[in-house]
Amino acid sequence: ELFVSAGANFLVIMVSLGVAVFCLAYLIYGKGGEGQVAALFLIFMGGSRFFLEYIRIQDYGLWGGLFRGQWLALVMVLLGVAFWWRAVLRDRCNQG
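About the criteria used
- Residues numbered from 1 in each chain as written.
- Predicted model: local features only at pLDDT ≥ 70, side-chain atom pairs only at ≥ 80, totals over all residues.
- Heavy atoms only, no water.
- Helix = DSSP H or I, 4+ residues; strand = E, 2+ residues; numbered from the N terminus.
- Buried < 20%, exposed > 50% of the residue type's maximum accessible area, 1.4 Å probe, protein only.
- Salt bridge = Lys/Arg side-chain N within 4 Å of Asp/Glu carboxyl O.
- Phe/Tyr/Trp six-rings, centres within 6.5 Å; stacked < 30°, edge-to-face > 60°.

Draft legend 1. Quick peek at the side chain of Gln36. Looking at the secondary structure, you find Gln36 in helix H2 (residues 36-52). Gln36 gets classed as buried once you look at its relative accessible area, which sits at 6%.

Draft legend 2. Structural context of the pattern of salt bridges. In total, this model carries one salt bridge according to the counting rule given. The closest approach of N and O atoms between Glu53 and Arg49, which form a salt bridge, is 3.1 Å.

Draft legend 3. Structural detail: the packing of aromatic side chains. For the coordinates displayed, the defined rule picks out two aromatic pairs. Look at Phe22 and Phe44: their rings are 5.2 Å apart centre to centre, the planes differ by 90 degrees, and that puts the pair in the edge-to-face class. On the criterion of sequence distance, the pair formed by Phe22 in helix H1 (residues 2-29) and Phe44 in helix H2 is long-range, its members being 22 residues apart. Given the relative accessible area of 40%, Phe22 is considered partly exposed. On the accessibility criterion, Phe44 (39% relative accessible area) is partly exposed. Relative to Phe51, the ring of Phe50 has its centre 5.4 Å away and its plane inclined at 85 degrees; by these criteria the two rings are edge-to-face. Overall, Phe50 belongs to the buried group, its relative accessible area being 16%.

Next comes the structure, spelled out in structure tokens:
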């Protein structure tokens, strides 16, 4: 049980670093508008955490069919989508 927990936590750390590197590369080489990097981070981090919560050992039960971490991950994804939509609309308004 300890090995599974340690392996899952290591996987969470590796995924977090991967998402951060991707967002940094998008920031450096991408042509995104203001707020898009933060939106991408929230979307990808929330999405990956949602699925990683299935393999982690949970100290608490399900609520509405999902673990607490999955509910928080869904909020991250929704916030990321809202930030992305706002950034896209702002860029469209500034261009035209």
